[in-house]
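Next come the chains, spelled out residue by residue.
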Amino acid sequence: MEKMALRGTPNASHFAVQLSSTRRGARLARLLTERQLDDWGVPSGEAVQVVAELAANAVLHGRVPGRDFRLALRLLPGGTLRVEVTDARGDRVPRLPDPVADEEEGGRGLRIVAAYADRWGVDTGPAPAKTVWAELSPGRGRT
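Residues numbered from 1 in each chain as written. Predicted model: local features only at pLDDT ≥ 70, side-chain atom pairs only at ≥ 80, totals over all residues. Heavy atoms only, no water.

## Some points on helix α2 (residues 45–61)
So, step 1. Taking 1.5 Å as the rise per residue, α2 with 17 residues should run 24 Å; its terminal C-alpha atoms sit 24 Å apart, in good agreement.
So, step 2. Packed against the buried residues of α2 are α1 (23–40), β3 (69–75), β4 (81–87), α3 (109–116) and β6 (130–136). (Helix = DSSP H or I, 4+ residues; strand = E, 2+ residues; numbered from the N terminus. Expected span 1.5 Å × (residues − 1). Contact = heavy atoms within 4.5 Å.)

## A look at the pattern of salt bridges
So, step 1. For the structure on display, the rule yields 6 salt bridges.
So, step 2. Here Arg-74 and Glu-84 are joined by a salt bridge, their closest N and O atoms 2.7 Å apart. Of the two residues, Arg-74 sits in strand β3 while Glu-84 sits in strand β4, which places them 10 residues apart along the sequence.
So, step 3. The exposure class assigned to Glu-84 is buried, which follows from its relative accessible area of 12%.
So, step 4. Note that Arg-82 and Glu-135 form a salt bridge whose closest N and O atoms lie 2.7 Å from each other. Of this pair, Arg-82 sits in strand β4 while Glu-135 sits in strand β6, placing them 53 residues apart in sequence. Here Arg-82 and Glu-135 have matching classes, each one buried.
So, step 5. One connected set of salt bridges, linked through shared partners, spans Arg-74, Arg-82, Glu-84, Arg-119, Asp-123 and Glu-135. (Salt bridge = Lys/Arg side-chain N within 4 Å of Asp/Glu carboxyl O. Buried < 20%, exposed > 50% of the residue type's maximum accessible area, 1.4 Å probe, protein only.)

Here it is in structure tokens:
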């Protein structure tokens, strides 16, 4: 069973949940994001894609057996949405990869995040964790 922790009131501008570092956990991160943004009245299309990519990366590249990953969503002043995914592999800092061939199955996740987000980055620590974050501003054609 997934562990869930809501911060604040149901309509607060902060949501956080701890999920298992599995494909199921990554899928649940996407579904919970969709539901939370709907509750906040925030368009979710591009944000859900960003969460899907960051959660998949946490499961594929940031997994440590027995350790979960954390998803946090925040509505910042002005309506900017900040997505944060924290995993247990602070030693594996993501970077935009070199362009990949059309036939490659992977290597596009952070390019998708960079395309949808106004800005994104990585915060390391506390050891051994890292947080990959992305910010999406309102009014950029979000659906």
